[in-house]
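# Descriptive analysis of the structure
The chain contents come next:
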Amino acid sequence: MIKQHNKVIVIAEVGVNHNGKVKIAKKMIKIAKNCGADYVKFQNWKANNLVTENAKMAPYQIKNTKKKTKTNRPT
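Throughout what follows, the structure given in this document is the object of discussion. (Residues numbered from 1 in each chain as written. Predicted model: local features only at pLDDT ≥ 70, side-chain atom pairs only at ≥ 80, totals over all residues. Heavy atoms only, no water.)

## With respect to the overall build of the protein
Regarding its fold elements, the protein presents 2 helices and 4 strands. The order of α-helices and β-strands along the protein, N terminus first, is β-β-β-α-β-α. Per-residue burial over the protein gives 16% buried out of 75 residues. The contacts of the protein with a sequence gap of at least 6 include a subset with a gap of at least 24, amounting to 41%. (Helix = DSSP H or I, 4+ residues; strand = E, 2+ residues; numbered from the N terminus. Buried < 20%, exposed > 50% of the residue type's maximum accessible area, 1.4 Å probe, protein only. Contact = heavy atoms within 4.5 Å.)

## Some remarks on helix α1 (residues 22–34)
Counted at 1.5 Å a residue, the expected span for α1 with its 13 residues is 18 Å, and the 18 Å between its end C-alpha atoms agrees. Positive backbone phi, at 100°, marks G36, one or two positions downstream of α1. (Expected span 1.5 Å × (residues − 1).)

## Observations concerning the pairing of strand β3 (residues 11–15)
Two elements, β3 and strand β4 (residues 39–42), share 4 bridges in a ladder whose sense is parallel. Bridge pairing in β4 links A12 to V40. Note that the unit made of β3, α1 and β4 has a crossover that is right-handed. (Pairing = 2+ DSSP bridges. Right-handed = clockwise from strand over helix to strand, strands pointing away.)

## With respect to a nonpolar patch on the surface
Together, V16, W45 and L50 make up an exposed nonpolar region whose accessible area comes to about 290 Å². Here W45 shows up in the loop between β4 and α2 (59–65). Residue classification places W45 among the partly exposed residues on the basis of a relative accessible area of 42%. (Patch = residues over 30% accessible without salt bridge, like charges linked within 9 Å, V, L, I, M, F, W, Y side chains within 5 Å. Areas by Shrake-Rupley, 256 points an atom, 1.4 Å probe, with all protein chains shown as cover. Salt bridge = Lys/Arg side-chain N within 4 Å of Asp/Glu carboxyl O.)

## Notes on the pattern of salt bridges
One pass over the structure, following the stated rule, counts 2 salt bridges. In this structure, the salt-bridge partner of K7 is D38, at a minimum N-O distance of 3.3 Å. With K7 in strand β2 (residues 7–9) and D38 in the loop between α1 and β4, this residue pair connects regions lying 31 residues apart in the sequence. Assessed through its relative accessible area of 42%, K7 is described here as partly exposed. Between E13 and K41 there is a salt bridge; the shortest N-O distance is 3.0 Å. Within this pair, whereas E13 is found in strand β3, its partner K41 is found in strand β4, the two being separated by 28 residues in sequence.

Listed below in structure tokens is the structure:
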């Protein structure tokens, strides 16, 4: 939270919980607004900068990417 002119500014953290889907991201923005948030923060990065190709994928990654392999190797 940032205090600006005696008003507390609320920043909602969405992070990567939208699973890369714009529809979910927009829904989360609306929910944050309805809860009183002034801003919404997302995270963005390139996974290949964080993990190796041999790293195991999480179950939700396998489901959302519909990959047949359980690693980050290109198919």
